[in-house]
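Now for the letters of each chain:
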Amino acid sequence: MASIADILTRRAGAAFAAQGLPDSLGRVVESGRPDLAPYQCNGAMAAAKIAGKPPRAIAEAVAAALEGDDLIEAVEIAGPGFINLTPKTHVYAMRAAEIAGDALAGAEPVAVPRGVVIDFGGPNVAKPMHVGHLRSSIIGDSLQRLFRFRGDRVTSDVHLGDWGLQMGQLITEVARVMPDLPYFDASFTGPYPDESPVTMDDLQLLYPRASAACKEDKARLEEARQATRELQAGRAGYVALWRHFAAVSKAALETDFAALGVHFDLWKGESDVDALVPGMVEDLKSRGVTHEDQGAWIIPVAREDEKRELPPFLLLKSDGAALYETTDLATILDRKKEQDPDLILYVVDARQADHFEKVFRAADKAGYFDRTQLEHIGFGTMNGPDGKPFKTREGGVLKLSDLIRMATDKARARLEEAGLGQEGDAEEREAVARAVGIAAIKFADLSNLRTTNYIFDLDRFVAFEGKTGPYLLYAAVRIKSMMRKAKDQGVAPGEIVIGADEEAALVRALDGFALAASEAYDKRSPNYLCDHAFTLAQAFSKFYANCPVLGAEDEAVKASRLALAALTLKQLETVFSLIGIDAPERM
Ligand code: ARG
């Protein structure tokens, strides 16, 4: 399947070739001056240099060759040699029919499907999720949807932070609060009670307290470090307690992610690769990839030609402890064994860029994984009005469940104001408010260029006007309601025939999906999908304002316009499925 620009490119390319010029000069793109013509080809300027002729002369020869082409309505030359092209209306009709019958709604599958592991989410056991985890979850989920949609074999992994110092901090804190628990007895061997001695709420109270205490008190920190080491060395009581922490956290996280509509294939964590570390260290030592440096084991990864010297990859600290980077290297080995992917994407805060650069270079140096198949998909921060990473009014991190509730409350209020979403029973109304709230958050996040910081402004996110999630949901819901009405009136979609300009413009917008999907994929940035959804919704709203659908006099026109509406809905919902939002049936 080819887009309209591609179809025209083939014709223009042949016209350049007929003059003995490279056919690549015939690239046709959407016009920068849609008032003159919808498409343009700028190849004559480059051709002039090759042929040593004035660009206008070349453009005229190309135009003459395209004159009378069965796909082209008009060719005009503007300025020094821009070739403006208007396709015949049947080209639009044909393309629309093609998109209507296409499983990808007009997008292209990848040429060669690959195995891709996407590492995102990355919350930490017991620590509350912060906005960085939220962004990672939203962006990573959209990327997994997009990669899968275009044909890759995706495995997503939440990569829980379940193995660090925070575990020792918690163990020692629980030991203070509940000293009578059997877990602290060094001779403890089980049995492990099924019931966790702590709830998620307990953990969220205990962790900040432990973390603050360790900051203040060196001895307390050392105690936590010692507990972490003993846990990692397999002390039975600590392992049992840690299992409880992990299970309780996982259950809470599963609920949160389900509410957000974010899915992970794997719920692995840092602890899962702990067993691989000793063998990996041995391997790296024996091959001389790592060497000792002041008691620690490092892999130098700095490059001479770089301005800023990257610190070495730290494999083991001088006390023998493994670090965050050690686990990430071991995780690469694990993924190689388990999924053997062609590509691993890490959707993690841009501030961890150095961390990943070190890990990737070390993996490459060790011969574990090719550097070019490892990508850090960094993103900017979601800031509060003060320009600092968003915090609640109380100064804490925002809990995901609270964020969803806030957005749902705001959406409910907006819907009431606008007289929308008031149909159905209380349950349906609540579901609509929730869908609107979640769409608001996700769209606001994804519509930014991935790497930029943005300001959290719920009022703006939840607005029904402008480039927002709620606006787009509403656009889709309006079409759904029109489709229902058509059905009641016994009107069915029919063959698409293009008459009005707004109809052609709507098909051009639909045609743009292929490019949007491939750009979002290539740049690993869903904002192209968001832009496309907005452009499409706007084109539809112009069409709808100027071309009566159910009110059309002619039955064939009515059926054609209804088919255009159905097609718009199909593609909009396809894009929604890629950004992880859902349009209700009515609102
Ligand atoms: N748990 C980490 C954090 O909170 C993020 C994990 C990202 N993924 C990874 N493979 N390092 O910062």
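Only a predicted model underlies this, so the values are computations on that prediction, with no experimental measurement involved. (Residues numbered from 1 in each chain as written. Predicted model: local features only at pLDDT ≥ 70, side-chain atom pairs only at ≥ 80, totals over all residues.)

## Considerations on the UniProt feature "domain: DALR anticodon binding" (unreviewed entry) in the chain
Mapped onto the present numbering, the UniProt feature "domain: DALR anticodon binding" (unreviewed entry) falls on residues 472-587. As annotated, residues 472-587 comprises 72% helix and 0% strand, and the C-alpha atoms at either end are separated by 12 Å. (UniProt positions renumbered as here; feature names shortened; annotations may be inferred. Helix = DSSP H or I, 4+ residues; strand = E, 2+ residues; numbered from the N terminus.)

## Examining the domain arrangement of the chain
Interface size, as often reported, equals the accessible area lost upon joining of the parts. Entries for the chain in the domain assignment read domain 1 (4-87), domain 2 (165-243) and domain 3 (432-449 + 459-579). The straight-line distance from the C-alpha centre of domain 1 to that of domain 2 is 71 Å. (Domains from an automatic or database assignment.)

## A closer look at the sheet that holds strand β4 (residues 82-87)
Across a sheet, paired strands are connected by hydrogen bonds in the backbone, their directions being either parallel or antiparallel. Reading across from one edge, β1-β2-β4-β3 is the order of the 4 strands in this open sheet, with antiparallel pairing throughout. Of all strands in the sheet, those bounded by a partner on one side alone are β1 (28-30) and β3 (72-78). The mean angle between the axes of side-by-side strands here comes to 30°, regardless of whether they run parallel or antiparallel. Across 3 bridges, the pairing between strand β2 (residues 39-41) and β4 is antiparallel. Directly across from Tyr 39, in β4, lies its bridge partner Leu 85. This element, helix α1 (residues 4-18), spans β1, β2, β3 and β4 of the sheet and lies at about 150° to β1. (Pairing = 2+ DSSP bridges. Axes fitted to C-alpha atoms, helices over the stretch in contact; angles between N-to-C directions. Contact = placed C-beta atoms within 7 Å.)

## Description of helix α13 (residues 400-418)
Between the first and last C-alpha of α13 there are 27 Å, a value that for 19 residues agrees with the 27 Å anticipated at 1.5 Å per step. Residues Leu 400, Leu 403, Ala 407, Thr 408, Ala 411, Arg 414 and Leu 415 constitute the buried set of α13. Burial along α13 is one-sided: seen end-on, the buried residues are contained in an arc of 130°. Turned more than 90 degrees from where α13 packs its buried face, Asp 402, Ala 413 and Glu 417 sit exposed. Those residues of α13 hidden inside the fold are in contact with α5 (131-149), α9 (236-260), α14 (426-446), α15 (458-461) and α16 (469-488). (Expected span 1.5 Å × (residues − 1). Buried ≥ 20, exposed ≤ 12 C-beta atoms within 10 Å, placed from the backbone. Arc of directions from axis to C-beta.)

## Digging into the packing of helix α17 (residues 501-511) against helix α19 (residues 527-546)
In contact at an axis separation of 9 Å, α17 and α19 are set at 165° when each is read in the N-to-C sense. When the axis of α17 is compared with that of α19, the two are roughly antiparallel. Note on packing geometry: the crossing formed by α17 with α19 is left-handed. Facing Glu 502, Glu 503, Ala 505, Leu 506, Ala 509 and Leu 510 of α17, the residues of α19 in contact are Thr 535, Leu 536, Ala 539, Phe 540, Lys 542, Phe 543 and Asn 546. Within the contact of α17 with α19, the residues separate by chemical class into 8 nonpolar, 2 polar and 3 charged. (Parallel < 35°, antiparallel > 145°, perpendicular 65-115°, else oblique. Left-handed = near helix turned anticlockwise from the far one by under 90°. Nonpolar A, V, L, I, M, F, W, Y, C, P; charged D, E, K, R; others polar.)

## Notes on the confidence of the model for the chain
Residues at a pLDDT of 70 or more form 100% of the chain, whose mean pLDDT is 94. Both confidence scores are given for the complex: pTM 0.94, ipTM 0.99. (pLDDT = per-residue confidence, 0-100.)

## Comments concerning the nonpolar core
Ranked by internal contacts, the top residues of the largest apolar core, which has 172 residues, are Val 62, Leu 170, Phe 245, Ala 440, Leu 473 and Leu 529. With 12 residues, helix α20 (residues 555-579) is the largest single contributor of residues to this core. Residues within four places of Ala 440 in sequence aside, it is in contact with Ala 407, Ala 411, Phe 461, Val 462, Thr 468, Gly 469 and Pro 470. (Core = buried A, V, L, I, M, F, W, Y, C linked by C-beta atoms within 7 Å.)

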